[in-house]
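Now for the letters of each chain:
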Amino acid sequence: MELHKLTITQAHQGLVKREFSAVELTKAFLDRIEKLDKKFFAYLTITKNLAISQAKTTDSLILREKEIPILAGIPLAVKDNILVEDVRCTAASKILESYIAPYDATCIKKLKAQGAVILGKTNMDEFAMGSSCEHSAFGPTKNPHDLTRVPGGSSGGSAAAVAGNLCCYALGSDTCGSIRQPGSFCGVVGLKPTYGAVSRYGLIAMASSLDQIGPITKTVKDAKIVFDVISGKDPFDSTSVESKSKVKSQKSKVDDLRIGVPKEYFAKGIDPEVEKIVKSAIKKYEALGANIEEVSLPYSTEHALATYYIIMPSEVSANLARYDGIKYGYSVTSNRQQATSLLDVYLKSRAEGFGEEVRRRIMLGTYALSAGYYEAYYLKAQKIRTLIRKDFERVFKKVDVLMTPTSPTPAFKLGEKIVDPLLMYLSDIYMGAVNLVGLPAVSIPCGKVTNLPVGLQIIGKPFEEDRILDIAGIFEKSNCL
Ligand code: GLN
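Attention in this report is confined to the structure presented alongside it. Quick caveat: nothing in here was measured; it's all calculated off a predicted structure. (Residues numbered from 1 in each chain as written. Predicted model: local features only at pLDDT ≥ 70, side-chain atom pairs only at ≥ 80, totals over all residues. Heavy atoms only, no water.)

Comments concerning unusual backbone geometry
At step 1: With an omega of 10°, the peptide bond between Gly 153 and Ser 154 qualifies as cis.
At step 2: Of note, Ser 154 is situated in the loop between strand S3 (117-122) and helix H5 (156-163).
At step 3: Despite not being glycine, Ala 128 shows a phi value in the positive range, around 70°.
At step 4: Of note, Thr 450 is a non-glycine position whose phi angle comes to about 45°, a positive value.
At step 5: You can see Thr 450 is positioned in the loop between strand S10 (441-449) and strand S11 (452-459).
At step 6: The exposed category is assigned to Thr 450, whose relative accessible area is 72%. (Helix = DSSP H or I, 4+ residues; strand = E, 2+ residues; numbered from the N terminus. Buried < 20%, exposed > 50% of the residue type's maximum accessible area, 1.4 Å probe, protein only.)

Here it is, written out as structure tokens:
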């Protein structure tokens, strides 16, 4: 049996039936990581001892109990901006290169309580800023479908680890598509939950009003399993809420489903092949009885990205102020370098510790928030954010879900966009509005352009994760038949 290819459900069944042990399952992944990760570079840290000891715990549980939690003994990979106690957590930045997490993020605590097995921490764009994983301070991850291409970003390591069968599932974070776009580029499922559905406690903050942790999995069913475990109210995150079962699942009922297709998402800039594949996926729902309706999201498409690139850097400039060479992280003083004053320590530590893209965003955000520019940029962006929310509220009166491409193109070549930040930013065009409004969205594989996967994005109303996953599951099933 090829243990590394199993989904969560299959692996769980195998463990319960004692077809293999959790240690065997874990070792199958660790062996693969050792063999293949030189090629992909999906992992920054491998937690072999932790994984084996967690697997042993599950094995002894299986001997004692009839039932075990669904995630017990199942190996996962964790994006390197989510804290795992006593494990290095770098956010792919030099400034945190030797930082050891002092506690578990809430989602990790919940997974550990289930008996999950943590294989390691995955590569990403530095502090989750990027769409290709090329902004990692430690080198880029490669797309398992084509090693000359990017896996997407910023959770590229997590998506590549799932697609390359270097873990059974993974966690990512999504501030403007960082779960969905790598999911789409690597041909796996990526769920960005509603803002507040999953606690952000223990997630290294990028832009706190936009960040969400979510699962990257091989199947839609697996995404639901992981989401159900990691979601819920957390006293350590005051923006978190109890979201479970807000909407009872509509299981496989396509007949009265109303699907909105925003016309602006199929306008200029989209790869014609991607357009064809996504449209034919939507047609499949129509053939199954759904009503397809063209809708318009004028503000979302026209202004979401510009709004995001004001609000996000503003929050970044505030959140990243803590890395100053004194509190924690890299410091020029620890290198015994000369620093003439406290300010000099700040300036040199930050200049050496942060990469180019991070510094660019801190500068942009500082500028947008500065006296004299605050009203013109930040305040205006917040007002447009409200208009974007109204766009969605209006269309969600008419339709149940929206379907769009996840990304305008399949995975691009390594090096293709890194030299042009604006070109890189444009690859997020279909994703940012969802984060600005806080909606849930899932990307599922819906076809290929030659060997490169294409993703279908399904956007739902707040806290309707169950519904979008059920709807995604319908496509997955019909595609497998
Ligand atoms: N491409 C987005 C950015 O660079 C991704 C952010 C994210 O989702 N973490 O800001």
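Read on, since the account is not over.
Considering the sheet that holds strand S7 (residues 258-262)
At step 1: One open sheet holds the 11 strands; their spatial order is S1-S3-S2-S4-S6-S5-S10-S11-S9-S7-S8, and the pairing between them is mixed. A single partner strand is all that each edge strand has here, and the edge strands are strand S1 (43-46) and strand S8 (291-295). Strand-to-strand twist across the sheet, computed as the mean angle between neighbouring axes with direction ignored, equals 30°.
At step 2: Pairing of S1 with S3 involves three bridges; the strand directions are antiparallel. Considered in S3, the bridge of Thr 45 is made with Lys 121.
At step 3: The sheet strands contacting helix H12 (residues 375-398) are S7, S8, strand S9 (401-405) and S11, and the helix crosses S9 at an angle near 115°. (Pairing = 2+ DSSP bridges. Axes fitted to C-alpha atoms, helices over the stretch in contact; angles between N-to-C directions. Contact = heavy atoms within 4.5 Å.)

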